[in-house]
Amino acid sequence: MINVEGLQRIVGEDWVITKRDQMESYLVDETYLGVRPEPADNVVVVKPASTEEVSEILKLANRENTIVYPRGGGTGLVGGAIPTEDGVVLSLERLDKVEEVDKENLMVVAQAGVTLGQLIETVEDAGLFFPPHPGDEGAQVGGLVACNAAGTRAIKYGVIRNYVKGVEVVLPTGEVISMGGKLLKDNQGLDLMHLLIGSEGILGIITKAIFRLYPKFAGMATLVVSYDDRHEAINSVPKILQSGVIPLAIEYVEAKEVEMSAQHLGLKWPAAKGKAHLIIIVTGANEDEVYFQCEQISNVCQEYKAIDTLIAERREEQADILKIRSEMYTPLKPKIADALDITVPPADIGRILDEMDRIAQRFDTTIPVFGHAGDGNLHPNLLNDLLEKGTLKEVKREIYKATLNLGGVVTGEHGMGKIRLSEFDLCLDEKSRVLMKEIKRVFDPNNILNPGTAIM
Ligand SMILES: Cc1cc2nc3c(=O)[nH]c(=O)nc-3n(C[C@H](O)[C@H](O)[C@H](O)COP(=O)(O)OP(=O)(O)OC[C@H]3O[C@@H](n4cnc5c(N)ncnc54)[C@H](O)[C@@H]3O)c2cc1C
């Protein structure tokens, strides 16, 4: 039994939802329908307004053995925030303040429920730059840290982990601890903060984070490079990186899917030719530096069979291209059973695409792909026909095996969540799995926080 009265005493009656028809949006996330877990029947949603209230909720839950599911923006793609057992969904949405933009230390302090969109706007208004850009700006600070999200700009600046300098966390027992600070170096003891980053809500509830910021760059351009063949597009990615230029992003998209996304947004995809494209974003201290990089990249791509290159320099034009790329998931959704998140060493990206072609042929399907090619991180989309034929799992496992054989991982940025655990045995050795379980037990002795997620 969930202690609804106890929760109401902590947050006030208005902030506890018990009626099913008022909580539907808290029972799902953005996971594809073919693999999205079903929510449990008996769920209560609670919305605390402070770290102290989060702490009181967890003390109550821990005492009464009630399961708690931390929830951010619900943009996760692996079912992490879905309450699959009877319990409490704890939404951080009311912790929505950017507490400080510290221009002297180049840091921002934000509560867990601040959205990525809100964070970017506040930081840019202060004349600074927050580099990571996972595709959905509705994601919240707590969710970004809990998932160690990445997105399009990771090649040059790295994933969220590289930006988190401090976190405030409520442990499953209700104790509150702060880790790190506005520091660029911190070697005190074991690095618990980095254990929390990417822990998908199973070790503690993040209530606040401190992120490092960068000064705004002066110049930026976006290239769209087109190819007649997807292998040629992908094979030129390592060559660009080996040329010495490190772009802000190298994204790989296929014509059909990117045009669908543009149409869905009421925008026009700028490239007229080609079956596959690279979207390459370069930044620099001035226009000359940007221009030099564009020229160098363009030369490499031409050498590797690009058929056309266009350069967008106007801000709005560049923003539209990024928006079209970021929204690719949305119109594709009805056709897709599952979208994977495999990552291989960057130079092996062509090899994994070859493997996928072989697998597609064997199982008589097509596998559209897009992703963060510069990071070796691709999102193969497994279509609904595999659900109908009953071969979805088999195809997925084949792709995973090929990925692991190349020294890759089954998830580069989305996490294991609840839907990737059936592959846990494939991707981690026995001792690593045992260590992870032991760590979970130390943090959460009663296993109340987001069980059945991230590890098994
Ligand atoms: C269109 C689209 C594009 C996307 N593009 C990218 C991309 O490019 N790169 C990328 O990495 N991801 C991407 N994602 C996935 C998603 O946006 C990220 O995983 C994001 O970090 C999830 O944040 P959220 O606040 O929505 O978390 P939720 O979905 O609410 O939760 C995700 C997980 O984090 C846990 N959690 C949430 N808040 C907290 C907290 N405060 N404390 C502890 N645990 C918490 C939850 O329990 C759950 O396990 C995309 C998703 C969509 C829909």
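Keep in mind it's a predicted model, so treat the numbers as computed, not measured.

J.: Looking at this structure, I do not really get the packing of helix H1 (residues 4-11) against helix H2 (residues 51-64). What am I missing?
T.: When two helices pack together, their arrangement is captured by the angle between the axes and the distance separating the axes. At a minimum axis separation of 9 Å, H1 and H2 run at an interaxial angle of 160°. Between H1 and H2, the crossing angle belongs to the class labelled roughly antiparallel. Considering how the two elements wind past one another, H1 and H2 form a crossing that is right-handed. Two secondary-structure elements touch here, H1 through Gly-6, Leu-7, Ile-10 and Val-11 and H2 through Glu-53, Glu-56, Ile-57 and Leu-60.

J.: Can you walk me through the site of the ligand in this structure?
T.: In the vicinity of the ligand lie 37 residues, with Pro-70, Gly-72, Gly-73, Thr-75 and Gly-76 positioned nearest. With respect to the ligand, the side chain of Glu-413 contributes an N or O atom lying 3.1 Å from a nitrogen atom. Burial of the ligand by the protein amounts to 98% of the accessible area it has alone, namely 970 Å². Sorting the residues of the shell around the ligand by element identifies strand E3 (68-71), helix H4 (141-147) and strand E10 (205-212) as the ones contributing at least two each. Among the elements that line the shell around the ligand, the one with the most residues is H4, at 5 residues. Here the shell around the ligand is composed, by residue class, of 15 nonpolar, 17 polar and 5 charged.

J.: How do you make sense of the domain arrangement of the protein when you look at a structure like this?
T.: When the parts of a complex come together, some accessible area is lost, and that lost area is often taken as the interface size. Segmenting the protein into domains produces domain 1 (4-91), domain 2 (98-215), domain 3 (219-327) and domain 4 (330-414 + 422-427). Measuring from the centre of the C-alpha atoms in domain 2 to the corresponding centre in domain 3 gives 29 Å. Across the contact, 8 residues belong to domain 2 and 10 residues belong to domain 3. In this assembly, domain 2 packs against domain 3 so that about 880 Å² is buried in total across both faces, 62% of it on carbon and sulfur atoms. A per-residue breakdown of the area domain 2 buries against domain 3 is headed by Thr-152, Ile-155 and Lys-156, which together make up 65% of the total. Viewed at the interface, domain 3 and domain 2 are joined by 0 salt bridges.

J.: Looking at this model, I keep getting lost on the side chain of Lys-47. Mind explaining?
T.: Mapped onto the elements, Lys-47 comes out in the loop between strand E2 (43-46) and H2. Setting aside chain neighbours within four positions, we find Lys-47 in contact with Val-11, Trp-15, Ile-17, Tyr-26, Ser-91, Glu-93 and Arg-94.

What counts, and where the lines are drawn
- Residues numbered from 1 in each chain as written.
- Predicted model: local features only at pLDDT ≥ 70, side-chain atom pairs only at ≥ 80, totals over all residues.
- Heavy atoms only, no water.
- Axes fitted to C-alpha atoms, helices over the stretch in contact; angles between N-to-C directions.
- Helix = DSSP H or I, 4+ residues; strand = E, 2+ residues; numbered from the N terminus.
- Parallel < 35°, antiparallel > 145°, perpendicular 65-115°, else oblique.
- Left-handed = near helix turned anticlockwise from the far one by under 90°.
- Contact = heavy atoms within 4.5 Å.
- Near = heavy atom within 4 Å.
- Polar contact = N/O pair within 3.5 Å; in protein donor to acceptor, adjacent residues only side chain to side chain.
- Areas by Shrake-Rupley, 256 points an atom, 1.4 Å probe, with all protein chains shown as cover.
- Nonpolar A, V, L, I, M, F, W, Y, C, P; charged D, E, K, R; others polar.
- Domains from an automatic or database assignment.
- Buried area = accessible area lost by both parts, 1.4 Å probe.
- Salt bridge = Lys/Arg side-chain N within 4 Å of Asp/Glu carboxyl O.

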